[in-house]
Structure formats: structure tokens, C-alpha cells
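Each chain, written out:
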Amino acid sequence: MTHKILVVEDDKNIALALAVRLRAAGYDVITAPDAVLAVSLALKHRPDLILLDLLMPGGNGFLVAERIQDLEAMLGVPCIFLTASKQPGLRDQARRLGAAGFFEKPYDAEALLATIRATLEAPADEGDLPDAPIRTWIIDETADPTSIEPSGVIA
Amino acid sequence: MKKEEVVHTSMDYIPQRPGFPYSLGQAMAQVAETVQFHAELTEQRRQLEQTNQELHRRNAELQSFYHILSHELKTPLTAAREFVSIVLDGLAGTLSETQREYLGLVKDSCDQITLGLDDLLDATRVDTGKLSIAPRPTSMARVVSQAVAAMDLTARGKGVRLQQVMASQLPDALIDERRIAQVLVNLLSNALKFTPAGGEITVRVGDDPQRPADIRVSVSDTGRGIPPAELGRIFDQLYQVRRDDATVQGGLGLGLYISQEVIKLHGGEIWVESTVEKGSTFSFTVPQYRACDPSVHVSQE
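Every chain is numbered independently, its residues counted from 1 as its sequence is written. Each chain is given a letter, starting from A, and each ligand a number, starting from 1, according to the order in which they appear as written. Confidence filtering applies because this is a predicted model: local features only for residues at pLDDT of at least 70, side-chain atom pairs given and counted only at 80 or more, and all residues used for totals across whole chains, interfaces and linings.

### Observations concerning the nonpolar core
Phase 1 of the analysis: Residues enter a nonpolar core if they are buried, belong to Ala, Val, Leu, Ile, Met, Phe, Trp, Tyr or Cys, and are joined to the set through C-beta atoms within 7 Å. The exposure label follows from counting other C-beta atoms within 10 Å of a residue's C-beta, where the C-beta atoms are placed from the backbone and the thresholds are 20 or more for buried and 12 or fewer for exposed, leaving partly exposed in between. If you look at the biggest cluster of nonpolar residues, it comprises 41 residues, and the most contacted ones within it are Val8, Ile50, Leu51, Leu52, Cys79 and Phe81 of chain A.
Phase 2 of the analysis: Only strand E1 (4–8), helix H1 (12–24), helix H2 (35–45), strand E3 (49–53), helix H3 (61–70), strand E4 (79–83), strand E5 (101–104) and helix H5 (109–121) of chain A provide two or more residues apiece to this core.
Phase 3 of the analysis: For this core, the element with the most residues is H1 of chain A, which contributes 5 residues.
Phase 4 of the analysis: Counting residues in hydrophobic clusters, the runner-up holds 37 residues, among them Val160, Leu174, Ala191 and Val219 of chain B. Per the convention used, a helix needs a DSSP run of H or I reaching at least four residues, while a strand needs a run of E reaching at least two, with both numbered from the N terminus.

### Quick word on the packing of helix H1 (residues 24–88) of chain B against helix H2 (residues 97–127) of chain B
Residue and element names in this part refer to chain B.
Phase 1 of the analysis: Angular values range over 0 to 180 degrees, each being the angle between N-to-C directions of two axes fitted as lines to C-alpha atoms, with helices fitted over their stretch in contact. Two elements in contact, H1 and H2, have axes whose closest approach is 10 Å; the angle formed by their N-to-C orientations is 165°. Between H1 and H2, the interaxial angle falls into the category roughly antiparallel. Considering only the axes of H1 and H2, their crossing is left-handed.
Phase 2 of the analysis: All residues other than Ala, Val, Leu, Ile, Met, Phe, Trp, Tyr, Cys, Pro, Asp, Glu, Lys and Arg, Gly among them, are scored as polar; the first ten of these are nonpolar and the last four charged. Of the residues assigned to the contact of H1 with H2, the class counts are 14 nonpolar, 7 polar and 4 charged. Oblique is the label for every angle not falling under 35 degrees (roughly parallel), over 145 degrees (roughly antiparallel), or within 65 to 115 degrees (roughly perpendicular). Throughout, a crossing is termed right-handed when the near helix is turned clockwise from the far one, and left-handed when it is turned anticlockwise from it by less than a right angle.

### Quick look at the interface of chain B and chain A
Phase 1 of the analysis: Contacts between the two partners involve 27 residues from chain B and, on the opposite side, 23 residues from chain A.
Phase 2 of the analysis: Elements represented by at least two residues in the side of chain B that touches chain A include exactly H1, H2, helix H3 (140–158) and helix H4 (177–194) of chain B.
Phase 3 of the analysis: A per-element tally of the side of chain B that touches chain A places H1 of chain B first, with 13 residues.
Phase 4 of the analysis: Of the residues belonging to the side of chain B that touches chain A, the class tally is 12 nonpolar, 8 polar and 7 charged. Contact criterion: two residues are in contact if their C-beta atoms, reconstructed from the backbone, are within 7 Å.

### Some words on the packing of H2 of chain B against helix H7 (residues 255–265) of chain B
Residue and element names in this part refer to chain B.
Phase 1 of the analysis: Put simply, H2 and H7 touch, their axes get as near as 10 Å, and they point 50° apart. The angle between the axes of H2 and H7 places the two elements in the oblique class. Note on packing geometry: the crossing formed by H2 with H7 is left-handed. Packed against H2, whose contacting residues are Asp119, Asp122, Ala123 and Val126, the element H7 presents Gly255, Tyr257, Ile258 and Glu261 at the interface.
Phase 2 of the analysis: Per-class residue counts for the contact of H2 with H7 are 4 nonpolar, 1 polar and 3 charged.

### What about the sheet that holds strand E7 (residues 279–287) of chain B?
Backbone-to-backbone hydrogen bonds join strands into a sheet, with any given pair of strands oriented parallel or antiparallel.
Residues and elements named next belong to chain B.
Phase 1 of the analysis: Criterion used throughout: strands pair if DSSP finds at least two bridges between them. On the basis of which strands lie adjacent, the open sheet formed by 5 strands has the order E2-E4-E5-E7-E6 and mixed pairing. Two strands lie at the open edges of the sheet, namely strand E2 (161–166) and strand E6 (270–275), each paired on one side alone. Ignoring which end each strand starts from, the neighbouring axes of this sheet average 15° apart.
Phase 2 of the analysis: Of the strand pairs in this sheet, strand E5 (residues 214–221) and E7 are connected by 7 bridges, and their pairing is antiparallel. Its bridge partner lying in E7, Arg216 is registered against Thr285.
Phase 3 of the analysis: Running over the sheet, H3 touches E2, strand E4 (200–207) and E5 and is turned about 170° from E2.

Coordinates in, geometry out; function isn't part of it.
Below you can see the structure in the form of C-alpha cells.
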């Protein structure tokens, strides 16, 4: 089955670049340019994973993620956040939300794809973690291209 | 207003010391002057406080502006870098070797802009005291090996030998891995910038002979060295701008300024020793992690 990914990104060039990458990796891609459309497209297409920019017109990515995950049909859909912002605390906020990943822009496409693949292939821990709203592990990977940090899994 | 009691005698007419009133008129004039002086002082103080507040506000505004600037520049930069990567990865057709090489240079240039923007933000954080670290027990040997591996390709490209010497059985360090990696990459890039082809860069990691509770890391190069007059200033912000010889070396010149702050936040020291025409050694210390030390608070994930 082909996995469906919703890309929520207001910059149309980045949205296109992400769509090109994801389609080349064999995923179906839907893009939403703002928070409002993101919610309605999520409901309509029921994506398997959502890739979210943090600063967008109409609301920030964290709010969109919470809103979507509150929908019954979208319960447990994993979210990966992308941001060009260096405001401190964003990574921790993503972690608290149970994000499947957090990437700084410019992102490293290979690391991003690896996180997406791992997230989609991970078995849902429904029996083990009844209280966890979504998968609770994070691949902590800075997208700083010169970063020497390897991708690693943080509990 | 009139705090002092002035007693007039015949001595009043003989000036005793400069500034001392010797007549009622002069005494009154001096009181008036003092009152005026106090009023001026109060006004100046009020103005200074106002200016100080204004400067604080501007500083906060400037920092927000730098955040917005960085965000707004990184957004198109991300698209540029990613489309270049897409083409490089063969998703838009086959490339010739030359095309591949040139696009690789575009990608590197994008990465340099990103580093510059990050340095700019970090430098404003240092200025406003907002740079912070989250230390955790970490293997220094691993952090150093990764930094060396990350720079190895660039070093090879320049014909510079990059090697590391590690003490065996090194204890863990209590560091913010991301920030210490930033310091290492910064010191290594500087060393690479000033070391000619055929030169050598050595990274050493071991105990600190002066401070047994610390781990010392040093980066030595066989570059052109730093003149003694410059040594005291190279950790200054804007050192690059204030240089006398005004030769552009590339970079914003903020790296050492940020590195110094990062090491200070770790409670360590950073310093440089250099001989002109022989090379330079930059060293820093960071604390060892001691599991039994009750004063050490390790934040848990």
C-alpha cells in the first residue's frame, strides 16, 4: 500500500521540493499552504503521516498538529516538524507533543526520508502505550548540514 | 534647601580655601549653585535611565529582528539547497561530472550561508546573555572523532593531514554535545583556513595537567601563526572588523567569540598559544562527569 503524506508548508518552493522528494521515494503527497486547509485536507485524505512547518499564516504547526490529532479519524497520526526558526525551546515543545521528528531548515533530505520511513514502518504500539496519543519516540536530527551529529533515537 | 548654618565673622572676608564662602552673598550664590547642580544631576540621571530603557528595548527589538532575518533568509535558502540536492541526486535527469561538481559547490555555499546566519544569531544571544547550554554526560572521544570525520574531506581536499590523538580510558565529560561540537568544528575550520597544503592539524584529547577534574582538548596547526600583538584580541567580537591589516579571511569572525562563551558556560577555559610561521594551538577545558558528585545536576530527558 502506498503511504499518504500531508505536507503543510506555506513556502510554495519548499512545498514543491518536499513533494518531489517524497514522490520520488514512492509516497503519495498532498500539500496544504496554511493551517486551515491543513485540517480540512487531513480530514479528506486521511494521511498516514504529516510533515508540518512551524510558522505559517493562520496558525503555528504545533496548533495544527494538536487540532488534527484531536480529530477522531486522525487519532495517532505521526507528525514531523520542520522549521527555519532558531527560537529556543521548539525542539522540546515538539518532543512534548510526541512528535516523530524535528528538523531545522535547511534540512538534510536523506535524514528526513529515513525518519519518515522509520516512522511509517514502526509498528503501532497500541497495546503497550494506551495513554500515548501518538508514537512517542523521536528521531533527533538537526538538519544543519554541517552537523556532525548522527541521527539517533532518543527515548 | 539651606542645610548648612553659615556663621559670619571677620574671617569671612579672608578666603580660606577655594570654593569656601567668605560672604553671605557668596554663600547664597553657592547654595543656589548647589541646588541648581542637584537639579541638573537628577535630570541627567532621569535621562540616563530613560536612555538605558530605550537601549534595552532596542536590543530586544534587534534580537527579534535577527531572528526574523534569519528565518526569512533561510526559507528561500532551504528551497535553493534542496532543489540543488534534488538535481544532484539524479531526480531531474543525468548530470555530467562538471555539472555535478558545480552544483556541489552551490550546495556548499548554501551551507556556508546557513552557518553564517546561525553564528549571527548565537552572537546576539551572547550579547543579551541568552546563550544557554544543556550539559549531559557525554563521551568526548566520540564528539571529537565525529568532528574530525566531518572535516576530514575538506582537509583532504586542501592537502592537509588531519589526525587525532586520544588518551586511553578517558572519562565522560559533562557537556552540551551540540555546542561543544560547534566549538570543535569552529576551531578545525579556522585551523584549516590558515594551514597551507602539506601542513598538519592535530587534535589532542586528554586530562588537563593543571585541572585534574577537567578534560583538555587542543587543536594544533602548522599554519602561519598569530602575531603576539593579535593574540589578546582574537576572542573579541568584531575582531575581524578591527584587524589592522584588514585582509579579509572569510567568515563573520564570530566563531571564537561564540566558542569562548560556550566554554565559559561549561565552566571551562579556552586559550591560544602561537608562534608566527610555526603554527597555533587552541585549547579548551570542559568538566569531567562525576556520577557521585552531588553538586552536578544532570537534566533528564
